[in-house]
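Structure assessment
The lines below spell out each chain.
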Amino acid sequence: MKMNRNWIEFLFYRGPSFVGTDTSFEDADYAVFGVPFDATSSFRPGSRFAPLSLRIMSEYLELPAERMIRICDLGDLHITASVDVMLRRVGEAVERIVEAGKIPVILGGEHTLTLGSVLRLGSIDGLVIFDAHLDMRSEFMDTRVNHTTWLRRLLEEGEIKPVILVGARTYAEEEFAAAYDMGVQLITSAEIFLDLRGAVKKLDALTSGLRNIYLSIDVDVLDPGYAPGVSNPEPGGIAPIHLYELVKLVAAKGLAALDIVEVNPLFDNGSAAACAVYAAYYAMLSSTTSSLASR
Ligand SMILES: [Mn+2]
């Protein structure tokens, strides 16, 4: 007698996946994976729980579906307490996804993971970061690789131009100097809040001609009133609508990869996770064809 196993899928729910997808890796344009890592956290740990939190939220949001996006969810990287091991695993995952012609979408975890992914993508022609912070300290709390230094380490390691940091509003003097020296372009949260049209024009001009953009979204770019569940809240941030419109503008030019980091479910009422899912989803929806797959 032939065993019919379909009843298992009919009866049982296997747990959340990003936007509820069951698309295979082979059929996907976007490959999502989580990085449950917050070991260098300097204030409030907990972002290691964000991949699960984002998946749960993503299954219940009424996301706009003007066209089908083919997304697969690979699961999470294995847990480690070593920042070096985490960076290596992120790099290997990104490299394999890109080799297969897919666009990586990384759910953090803390922002440090971006140091593991950017340089493993091959050629990108720009890095756009949404963040309240510059993350350009030379070192912090006795370590050189952590969530407050990763961008400085990245720019010391590799030549990336342009680097555009959107929504920044707080920095140590040494970070401001390093950002200037290393050619980081800033659009502050005040610029966006006081003159959204002007900020849109500026971001459009700074990303003009780019087709292969790495987009990194630290959810603390939002005002903590909208997104309380982050590890390092900084009042004076932008609103979700600002984030979505600016993300759409960038993604429409062509995404090489996307990460969404720093949601902290231990301090969230659900809003930070919902904003994060929307931002990631809008980026995928707005990105034209896979620029990597077509090269
Ligand atoms: Mn930040």
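Refer to the structure above for everything that follows.
Please read all numbers here as calculations on a predicted model, not as lab measurements. (Residues numbered from 1 in each chain as written. Predicted model: local features only at pLDDT ≥ 70, side-chain atom pairs only at ≥ 80, totals over all residues. Heavy atoms only, no water.)

Focus: empty space enclosed by the protein
With the rule as written, the count across this model stands at 1 cavity of 30 Å³ or more. Size it by volume and the largest cavity reaches roughly 50 Å³. Forming the walls of the largest cavity are Val35, Pro36, Phe37, Leu77, His78, Ile79, Thr80, Met86 and Arg89. (1 Å grid on protein atoms, 1.4 Å probe; cavity = no way out; pocket = protein on both sides within 12 Å on 5 of 7 lines; lining within 4 Å. Points joined across faces, edges and corners; volume = space filled by probe spheres on them.)

What about the nonpolar core?
Formed by 53 residues in total, the largest nonpolar core has its most connected members in Phe130, Leu215 and Leu243. With residues near it in sequence (within four places) discarded, Leu243 still touches Phe130, Ile217, Val221, Leu222, Ile238 and Ala279. Counting 41 residues, the second-largest nonpolar core is a separate cluster that includes Phe33, Val90, Leu155 and Val261. (Core = buried A, V, L, I, M, F, W, Y, C linked by side-chain atoms within 4.5 Å. Buried < 20%, exposed > 50% of the residue type's maximum accessible area, 1.4 Å probe, protein only. Contact = heavy atoms within 4.5 Å.)

Considering the layout of surface pockets
Approximately 300 Å³ is the volume attributed to the largest pocket. Here the lining of the largest pocket is composed, by residue class, of 4 nonpolar, 4 polar and 4 charged. (Nonpolar A, V, L, I, M, F, W, Y, C, P; charged D, E, K, R; others polar.)

Considerations on the pairing of strand 7 (residues 213–218)
Counting buried positions along strand 7 gives 6 out of 6 residues, so the element sits mostly inside the fold. Burial along strand 7 is two-sided: Ile213, Leu215 and Ile217 facing one way and Tyr214, Ser216 and Asp218 facing the other are all buried. In this sheet, strand 7 lies alongside strand 4 (residues 127–130) in parallel orientation, the contact comprising 4 bridges. Across the sheet, the residue bridging to Leu127 is Tyr214, located in strand 7. As judged from the 6 bridges shared by strand 7 and strand 8 (residues 255–261), these two strands associate in the parallel manner. (Helix = DSSP H or I, 4+ residues; strand = E, 2+ residues; numbered from the N terminus. Pairing = 2+ DSSP bridges.)

Overview of the sheet that holds strand 3 (residues 103–108)
Spatially, the 8 strands line up as an open sheet ordered 2-1-3-8-7-4-5-6, and their pairing is parallel. Looking at the sheet topology across the chains shown, the edges are occupied by strand 2 (71–76) and strand 6 (184–188). With strand direction ignored, the average angle separating the axes of adjacent strands in the sheet is 15°. Seen against the sheet, helix 5 (residues 150–157) touches strand 4, strand 5 (163–168) and strand 6 and runs at an angle of roughly 175° to strand 4. (Axes fitted to C-alpha atoms, helices over the stretch in contact; angles between N-to-C directions.)

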